[in-house]
Protein chains: 2
Amino acid sequence: MKRLGYLGPPGTFTQLAAEKLISRLDNYSRISCQEIPDLIQAVDRSEIDLAVVPIENSLEGSVNVTLDYLAHKVSLNIAGEIILPINQQLIARKGTRISDIEEIYSHPQALAQCRDYLQKLSDSCQTHRVSSTAEAAELVYRREEDDAVVRAAIGSRLAARLNQLEVIAADIQDNDSNWTRFVVLSRSEDSHLEELSSRESAEEKESYKTSIICSPIKNRPGILHEMLAEFASRNVNLTRIESRPTRKMLGDYLFFIDFSGHLEQPKIKEIIAGLNRKTSHLKILGSYSSLFAGLEQKDLEEERYHEINQFA
Amino acid sequence: MKRLGYLGPPGTFTQLAAEKLISRLDNYSRISCQEIPDLIQAVDRSEIDLAVVPIENSLEGSVNVTLDYLAHKVSLNIAGEIILPINQQLIARKGTRISDIEEIYSHPQALAQCRDYLQKLSDSCQTHRVSSTAEAAELVYRREEDDAVVRAAIGSRLAARLNQLEVIAADIQDNDSNWTRFVVLSRSEDSHLEELSSRESAEEKESYKTSIICSPIKNRPGILHEMLAEFASRNVNLTRIESRPTRKMLGDYLFFIDFSGHLEQPKIKEIIAGLNRKTSHLKILGSYSSLFAGLEQKDLEEERYHEINQFA
């Protein structure tokens, strides 16, 4: 049995993304891990086979630790991506009335995402920051017998389900444009996940995305423009360009570039050859297809989570 | 008297940057503020005249909260920039021996920057995370009479000086390529700080830098390449390009572009006109000169800090 790791604890949005993927794979067990660096290094050291990590959010931007590990610490491939809407739920013990809630727990980012909703609640209701939405849900579940404080958490439907809580107010985030993009990391270059792709034929590679990291040749004005000419002249669309420090000198950058197309296509091969002449460093992360995932009820079926392990 | 705000508490690296600036300005009082959003909004609301905030670090990359406030929340100008080396010091009460230290306090990032040094210390020496290097220094200073624990902090020389501590090991950071770039924010467009510039003549505007934020016209492949052609065809060097989410949709980005030159130069006017045709949104942050600041002893003279106020 192969092993898929995700950023835990169980019940986070990363687990939701991982479940989307696992439902399309055969024979994978899931393992949660609390830190992105540990998770990425676990793939690198062959302790697990795949890892699902967040790389970008539509409101917060890049997840820098993911980018920096891919650039500086490991040589892994992106085998797929999963794009997931981040819908926050107010979750509590069965029968809890919203007007009775005294304390609300969640990750600081989730609390910030629901600021408008929280302002409409009673002034006596206090918010508390914890390290994940999943931990918040567990905290509401794990109450002492003689503890009469009425608590709620903000988190995913999955977190509610895993902790025997119920959603008492649905989709309470202020902004509906909250999406997170996750990438699936693997070791070997040929392990792009065919299971993730809807179109298999070579002619239809256009639906793939390719990711690279490169560092332009230094001290040459217009070099980034020259690099982008490789794409523009072949009508290849950039879906993203992001800079990160090389960590050598202020003003020295690496570029993370995502574009449409597959490394096996002739025009993409030409682009890579052209970039090789214009960069001092070029790292190919792989070609992969995208899983754009709404959340369906079947993803939430309880029995699918009994085999969750803790990653040591 | 005008008011200059900086990211506090007193003794942080941002105060060091602010002191570099204040030494070149007449008649400014300094005010510390604990949060970047509050500081930026204080300029916007005319509560202070200038603010010094970090925008980029050579190891960590962009300070996203600064970029997002400049893009989405306020219409302020960049009036100058200050580039400062981040050198971490081990600081303690006078006469403390390194081998006796039991507890070391600092900001998590400063602790991470000195990981190699910390690993060489005794195993019994514990590290503790606090919210700033300045708070760490204060904690070492503010010890109860009957408290016999030997403590040290990691922070700036200024933090040592302000808390009557001494540097017991100098420049203990693992990586010497640690620089932070700060920007000076102001309200009115014409208030670029001539005091910061070494060359005043119009012909020498080449030594200036200009910053803009723009959002390319959507759904046009090659649009970023077309935008960069405006710079390349006029031999204008980009010093930085950084993308941030528009916060509207995943895959929709704003670009922060810094380049050499001044808005009053004809070629820069042409570039701005060209970009206007290729962007759906263009915000000009201003032209300014750079203060590349090593740390000199005179910056540390104690008497210069007696007027520090707390920003409410």
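Quick caveat, the model's predicted, so the values are computed rather than measured.

Draft legend 1. Here's a closer look at the packing of aromatic side chains. Counted according to the given criterion, the structure contains two aromatic pairs over all chains. Stacked on the ring of Y69(A), the Lys or Arg K73(A) has its end atom at 5.7 Å from the ring centre.

Draft legend 2. Summary view of the sheet that holds strand 7 (residues 103–106) of chain B. Residue and element names in this part refer to chain B. Ordered by their spatial adjacency, five strands build an open sheet running 8-7-9-6-10, and the pairing between neighbours is mixed. Every interior strand has two partners, whereas the edge strands, strand 8 (126–129) and strand 10 (166–169), have only one. Taken pair by pair, the neighbouring strands of this sheet meet at an average axis angle of 35°, ignoring direction. Helix 6 (residues 133–141) contacts strand 6 (89–92), strand 7 and strand 9 (151–155) of the sheet and is inclined by roughly 160° relative to strand 9.

Draft legend 3. Inspection of the relation of the copies chain A and chain B at higher detail. Each copy of the sequence occupies a distinct position, and chain A is placed on chain B by a rotation of 180° and an axial shift of 0.0 Å, giving an RMSD of 0.0 Å. Here the symmetry operator amounts to a two-fold rotation axis. With an isologous cut-off of 70% or more, the 100% of interface residues of chain A that recur at the interface of chain B puts this contact in the isologous class.

Draft legend 4. A look at the confidence of the model for chain A. All names here are of chain A. Of the residues in chain A, 88% have a pLDDT of 70 or more, and the chain-wide mean is 86. Here residues 295–312 is a poorly scored stretch, pLDDT under 50, and it has 46 contacts once near neighbours within four places are set aside; other chains count. Model confidence for the complex is summarised by a pTM of 0.84, with the ipTM given as 0.81.

Draft legend 5. Region of interest: unusual backbone geometry. All names here are of chain A. In this structure, P9 follows G8 across a cis peptide bond, with omega equal to 5°. By the element assignment, P9 lies in the loop between strand 1 (2–7) and helix 1 (13–22). The residue D171 is not glycine, and still its phi comes out positive at about 50°. Note that D171 resides in the loop between strand 10 (166–169) and strand 11 (179–186).

Draft legend 6. Spotlight on the state of the cysteines. Applying the stated rule across the entire model yields zero disulfides over all chains. In this structure C125(B) is a free cysteine whose sulfur lies 12 Å from that of C114(B), the closest cysteine sulfur available. Unpaired in this structure, C214(B) has its nearest cysteine sulfur neighbour in C214(A), at a distance of 20 Å. A relative accessible area of 0% places C214(B) in the buried class.

Draft legend 7. Examining the interface of chain A and chain B more closely. Each partner contributes to the interface: chain A provides 34 residues, whereas chain B provides 35 residues. Together, the buried faces of chain A and chain B total about 2,800 Å²; carbon and sulfur atoms form 56% of this surface. The three residues of chain A that bury the most area against chain B are H225(A), R247(A) and L250(A), which together make up 23% of that side's buried surface. Inspection of the chain A/chain B interface yields zero salt bridges. Joining chain A to chain B, the criterion identifies 15 residue pairs in polar contact (both at pLDDT 80 or more).

Draft legend 8. Here's a closer look at the sheet that holds strand 7 (residues 103–106) of chain A. Residues and elements named next belong to chain A. Taken in spatial order, the five strands line up as 8-7-9-6-10 in an open sheet, and their pairing is mixed. Because the sheet does not close on itself, it has two edges, and the strands there are strand 8 (126–129) and strand 10. Recorded for the sheet is a direction-independent mean angle of 35° between the axes of neighbouring strands. The pairing of strand 6 (residues 89–92) with strand 9 (residues 151–155) spans four bridges and is classified as antiparallel. Residue pairing across strands places Q89 opposite G155, the latter belonging to strand 9. Packing of helix 6 (residues 133–141) onto the sheet brings it into contact with strand 6, strand 7 and strand 9, and relative to strand 9 it is tilted by some 160°.

Draft legend 9. Main features of the nonpolar core. If you look at the biggest cluster of nonpolar residues, it comprises 34 residues, and the most contacted ones within it are F231(A), I257(A), F231(B) and I257(B). Of all the elements in the fold, those that place two or more residues in this core are strand 12 (209–216), helix 8 (223–232), strand 14 (253–260) and helix 9 (266–278) of chain A together with strand 12 (209–216), helix 8 (223–232), strand 14 (253–260) and helix 9 (266–276) of chain B.

Draft legend 10. How the structure looks around the environment of A170(A). Residue and element names in this part refer to chain A. Along the chain, the position of A170 falls in the loop between strand 10 and strand 11. On the basis of relative accessible area, A170 is assigned to the partly exposed category, the value being 45%. Separated by 81 residues in sequence, A170 and Q89 place their C-alpha atoms 4.8 Å apart. Contacts of A170, omitting those with residues within four sequence positions, involve Q88, Q89 and R157.

Draft legend 11. How the structure looks around empty space enclosed by the protein. All names here are of chain B. This structure, assessed with the given rule, holds five cavities of 30 Å³ or more. When residues of the lining of the largest cavity are assigned to their parent elements, the largest contribution, three residues, is made by strand 14. Across the lining of the largest cavity, the residue classes tally to seven nonpolar, one polar and four charged.

Cut-offs and rules
- Residues numbered from 1 in each chain as written.
- Chains lettered and ligands numbered in written order.
- Predicted model: local features only at pLDDT ≥ 70, side-chain atom pairs only at ≥ 80, totals over all residues.
- Heavy atoms only, no water.
- Phe/Tyr/Trp six-rings, centres within 6.5 Å; stacked < 30°, edge-to-face > 60°.
- Lys NZ or Arg CZ within 6 Å of the ring centre and 35° of its normal.
- Pairing = 2+ DSSP bridges.
- Helix = DSSP H or I, 4+ residues; strand = E, 2+ residues; numbered from the N terminus.
- Axes fitted to C-alpha atoms, helices over the stretch in contact; angles between N-to-C directions.
- Contact = heavy atoms within 4.5 Å.
- Least-squares fit on C-alpha atoms with pLDDT ≥ 70 in both.
- pLDDT = per-residue confidence, 0-100.
- Disulfide = S-S within 2.5 Å.
- Buried < 20%, exposed > 50% of the residue type's maximum accessible area, 1.4 Å probe, protein only.
- Buried area = accessible area lost by both parts, 1.4 Å probe.
- Salt bridge = Lys/Arg side-chain N within 4 Å of Asp/Glu carboxyl O.
- Polar contact = N/O pair within 3.5 Å; in protein donor to acceptor, adjacent residues only side chain to side chain.
- Core = buried A, V, L, I, M, F, W, Y, C linked by side-chain atoms within 4.5 Å.
- 1 Å grid on protein atoms, 1.4 Å probe; cavity = no way out; pocket = protein on both sides within 12 Å on 5 of 7 lines; lining within 4 Å.
- Points joined across faces, edges and corners; volume = space filled by probe spheres on them.
- Nonpolar A, V, L, I, M, F, W, Y, C, P; charged D, E, K, R; others polar.

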